[in-house]
Amino acid sequence: MKRHDYATRADLAQALAAGVAAVLAGGIATRGEAILAVSGGSTPKLFLQTLAQAEIDWSRVIVCLVDERWVPDTSPRSNAAFLRENFLRGRAAAARLELFHEDGLTAEEAEPELTRRFGGLPRPFDAVILGMGGDGHTASFFPGGDNLARALDLASHEAVVSMRAPGAEEPRVTLTLPRLADARFLALHIEGEDKRRTLETAMGPGPTEELPVRAVLRLDRAEPLQVFWAP
Ligand SMILES: O=C(O)[C@H](O)[C@@H](O)[C@H](O)[C@H](O)COP(=O)(O)O
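It should be emphasised that the depicted structure is a prediction, and the values quoted were computed from it without experimental measurement. (Residues numbered from 1 in each chain as written. Predicted model: local features only at pLDDT ≥ 70, side-chain atom pairs only at ≥ 80, totals over all residues. Heavy atoms only, no water.)

Chemist: I'd like a rundown of the sheet that holds strand E9 (residues 185-191), residues and numbers included.
Modeler: Taken together, seven strands build an open sheet; the order of strands is E1-E10-E9-E6-E2-E3-E5 and the sheet is parallel. A strand with exactly one partner marks an edge of an open sheet, and here the two such strands are strand E1 (2-5) and strand E5 (96-98). Between one strand and the next, the sheet's axes are offset by a mean angle of 20°, whatever the strand orientation. With four bridges joining them, E1 and strand E10 (residues 226-230) adopt parallel strand pairing. Bridge pairing in E10 links Asp-5 to Trp-229. Across the sheet, helix H1 (residues 9-31) lies against strand E2 (34-38), strand E3 (61-65), strand E6 (127-130), E9 and E10, angled at about 165° from E9, the strand it touches most. (Pairing = 2+ DSSP bridges. Helix = DSSP H or I, 4+ residues; strand = E, 2+ residues; numbered from the N terminus. Axes fitted to C-alpha atoms, helices over the stretch in contact; angles between N-to-C directions. Contact = heavy atoms within 4.5 Å.)

Chemist: Give me the side chain of Asp-67: which residues, what numbers.
Modeler: Looking at where Asp-67 falls in the secondary structure, it is placed in strand E4 (residues 67-69). A relative accessible area of 4% places Asp-67 in the buried class. Polar contacts involving the side chain of Asp-67 include one to the side chain of Ser-140, which spans 2.7 Å. A distance of 3.4 Å separates polar atoms of two side chains, one belonging to Asp-67 and the other to Arg-172. Those residues in contact with Asp-67 that lie beyond four places of it in its chain are Gly-40, Asn-79, Phe-100, Ala-139, Ser-140, Arg-172, Val-173 and Thr-174. (Buried < 20%, exposed > 50% of the residue type's maximum accessible area, 1.4 Å probe, protein only. Polar contact = N/O pair within 3.5 Å; in protein donor to acceptor, adjacent residues only side chain to side chain.)

Chemist: Describe the sheet that holds strand E7 (residues 160-163), listing the residues and the values that go with them.
Modeler: Taken together, three strands build an open sheet; the order of strands is E4-E8-E7 and the sheet is antiparallel. Whereas interior strands pair on both sides, the edge strands pair on one side only; in this sheet they are E4 and E7. Averaged over all pairs of adjacent strands, the angle between their axes in this sheet comes to 20°, without regard to strand direction. Here E7 pairs with strand E8 (residues 172-175) via four bridges, running antiparallel. Bridge pairing links Met-163 to Arg-172 in E8. Running at roughly 160° to E7, helix H4 (residues 107-119) makes contact with E7 and E8 of the sheet.

Chemist: Provide a residue-level description of the UniProt feature "domain: Glucosamine/galactosamine-6-phosphate isomerase" (unreviewed entry) in the protein, including the pertinent values.
Modeler: Here, UniProt's "domain: Glucosamine/galactosamine-6-phosphate isomerase" (unreviewed entry) annotation points to residues 8-217. Measuring from the first to the last C-alpha atom of residues 8-217 gives 24 Å, for a span that is 37% helix and 17% strand. (UniProt positions renumbered as here; feature names shortened; annotations may be inferred.)

Chemist: An account of the pairing of E6 is requested, with residue identities and associated values reported.
Modeler: With burial as the criterion, each face of E6 is covered, one bearing Ala-127 and Ile-129 and the other bearing Val-128 and Leu-130. Pairing geometry for E6 and E9, over four bridges, is parallel. Note on E9: the bridge partner recorded for Leu-130 is Leu-188.

Chemist: Please provide a residue-by-residue account of the nonpolar core, values included.
Modeler: If you look at the biggest cluster of nonpolar residues, it comprises 80 residues, and the most contacted ones within it are Val-20, Leu-36, Leu-51, Trp-58, Phe-87 and Leu-188. With eight residues, the single largest contributor to this core is H1. (Core = buried A, V, L, I, M, F, W, Y, C linked by side-chain atoms within 4.5 Å.)

Chemist: Got a sec to walk through helix H3 (residues 79-86)? Specific residues and values, please.
Modeler: When we look at burial in H3, the residues that qualify are Asn-79, Ala-80, Phe-82, Leu-83 and Asn-86. The buried side chains of H3 occupy one side of the element, clustering within an arc of 160° when seen end-on. Looking at the buried side of H3, the elements it contacts are E2, helix H2 (45-51), E3, E4 and E5. Put simply, Ser-78 is the residue that caps the front of H3, since its side-chain oxygen is 3.2 Å from the backbone nitrogen of Ala-80. (Arc of directions from axis to C-beta.)

Chemist: Go over the site of the ligand with me, naming the residues and quoting the values.
Modeler: Thr-43, Asp-67, Asn-79, His-137 and Lys-195 are the nearest of the 15 residues found near the ligand. Between the ligand and Thr-43 there is a distance of 2.4 Å, counted from an oxygen atom to a side-chain nitrogen or oxygen. Between an oxygen atom of the ligand and a side-chain N or O atom of Arg-69, the distance comes to 2.7 Å. In the complex, 89% of the free accessible area of the ligand, which totals 410 Å², lies under the protein chains. Residue composition of the shell around the ligand, by class: two nonpolar, nine polar and four charged. (Near = heavy atom within 4 Å. Areas by Shrake-Rupley, 256 points an atom, 1.4 Å probe, with all protein chains shown as cover. Nonpolar A, V, L, I, M, F, W, Y, C, P; charged D, E, K, R; others polar.)

Spelled out as structure tokens, the structure:
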């Protein structure tokens, strides 16, 4: 992995947004389109607001979330609502948004349709930006998650699985690790001392099921995982 530590969260947001914009511009220049997967939660707010101003041809960019809480789009817990609020207001509003929500279905019932839809997206993704919870989850790879093994199975052809876990407030759906692992640019964006300590514990030996972010830290990649941190 490669660590990028910044003095402030604003500095981190600028640097990460500049890096991601360059990767997307590269995808557009070479393949005519680019695909970006971002995390919800609260950490990415400033990064996404900054990235939304990037001067790239957003109409050629597909944007999706790495995971979603199974709540209505109108809920303050919705990652889609978070994206609309913090990302799709600037130039990035021209991007094509691919969302998880399926009306009237449970997360489990939606799995086949979501796997069909997200499995049809271009691969590999150009950029994937992961977050991490204090319990060592990333995307919706939660400790104790009912579908954790399926989600982390690198040999799986599933694109999306549902996830219920003691540490998750609501059912979730998540892109699976194999969909994220081959991203051209794979970043983990974390902030604060607590998360730095969790990251350092996760870098040590121990089971993946305890701190699922280990599955990402232990990927065998040509391009290293880029870890962005600020206090
Ligand atoms: O839906 C989500 O919750 C996220 O995608 C999740 O994986 C997130 O990245 C971490 O929980 C960190 O969340 P915070 O940034 O809020 O600490």
